[in-house]
Amino acid sequence: SIVGNSLGGLYARYSIATFTQRYCEQPASDETVLRMKGTDLRIHLNIFCTTATPHLGVSRHTFLPIPRSAEIGVAHAMGETGRDIF
């Protein structure tokens, strides 16, 4: 289980991705357990929980540019949660 708050959530997500790319074999599509390269050791990632983590990133650094007016409209429609995100 991995838990991260705010920036810790981003670090946790990055560390899981890096660890699995470097040290684990690609699992079959129906497997939920990762196997360590060259060993019989297996890893089962049970829980990944983040709180107050900006997974969406910064509005100016998204994959697709979103006009500021659209962000404001979505934030208004989502209420208090939208104000926190945008």
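Since the structure is predicted, the reported quantities are computational estimates derived from the model, not experimental observations.

Engineer: Hey, could you go over the overall build of the protein chain for me, with residue numbers and the actual values?
Structural biologist: If you tally the helices and strands in the protein chain, you get three helices and five strands. Element order for the protein chain, N to C, with α for helix and β for strand: β-α-β-β-β-β-α-α. Taken across its 86 residues, the protein chain has 15% of its residues classed as buried. For the protein chain, contacts bridging at least 24 residues in sequence account for 43% of all contacts bridging at least 6.

Engineer: Quick one: what's the story with the sheet that holds strand 2 (residues 24-25), residue by residue and with numbers?
Structural biologist: Spatially, 2-3-4 is the arrangement adopted by the three strands of the open sheet, whose pairing is antiparallel. Of all strands in the sheet, those bounded by a partner on one side alone are strand 2 and strand 4 (42-43).

Engineer: Give me the lowdown on the packing of aromatic side chains, citing residues and values where you can.
Structural biologist: Here the structure, examined in full by the defined rule, presents one aromatic pair. Ring centres 5.3 Å apart and planes at 45° place the aromatic pair Phe-19 and Tyr-23 in the tilted group. Of this pair, Phe-19 and Tyr-23 both sit in helix 1 (residues 7-23), four residues apart, which is roughly one turn of the helix. Given a relative accessible area of 34%, Phe-19 falls into the partly exposed group. For Tyr-23, a relative accessible area of 41% gives the class partly exposed.

Engineer: Can you lay out the side chain of Thr-53 for me, pointing to particular residues and giving the numbers?
Structural biologist: Among the structural elements, Thr-53 can be located in the loop between strand 5 (48-51) and helix 2 (68-78). Apart from residues no more than four positions distant in its own chain, Thr-53 is found in contact with Gly-4, Asn-5, Ser-6, Gly-9 and Leu-10.

Engineer: Summarise the environment of Ile-16; cite the residues concerned and give the values.
Structural biologist: Residue position: Ile-16 is located in helix 1. Discounting residues that sit within four places of it in the chain, Ile-16 has contacts with Ile-2, Leu-45 and Phe-48.

Engineer: Can you tell me about the confidence of the model for the protein chain, naming the residues and giving the values?
Structural biologist: With 83% of its residues at a pLDDT of at least 70, the protein chain reaches an overall mean of 80. At the level of individual helices and strands, the protein chain shows its lowest average pLDDT in helix 3 (residues 80-85), which scores 70, and its highest in strand 1 (residues 2-5), which scores 90.

Cut-offs applied
- Residues numbered from 1 in each chain as written.
- Predicted model: local features only at pLDDT ≥ 70, side-chain atom pairs only at ≥ 80, totals over all residues.
- Heavy atoms only, no water.
- Helix = DSSP H or I, 4+ residues; strand = E, 2+ residues; numbered from the N terminus.
- Buried < 20%, exposed > 50% of the residue type's maximum accessible area, 1.4 Å probe, protein only.
- Contact = heavy atoms within 4.5 Å.
- Pairing = 2+ DSSP bridges.
- Phe/Tyr/Trp six-rings, centres within 6.5 Å; stacked < 30°, edge-to-face > 60°.
- pLDDT = per-residue confidence, 0-100.

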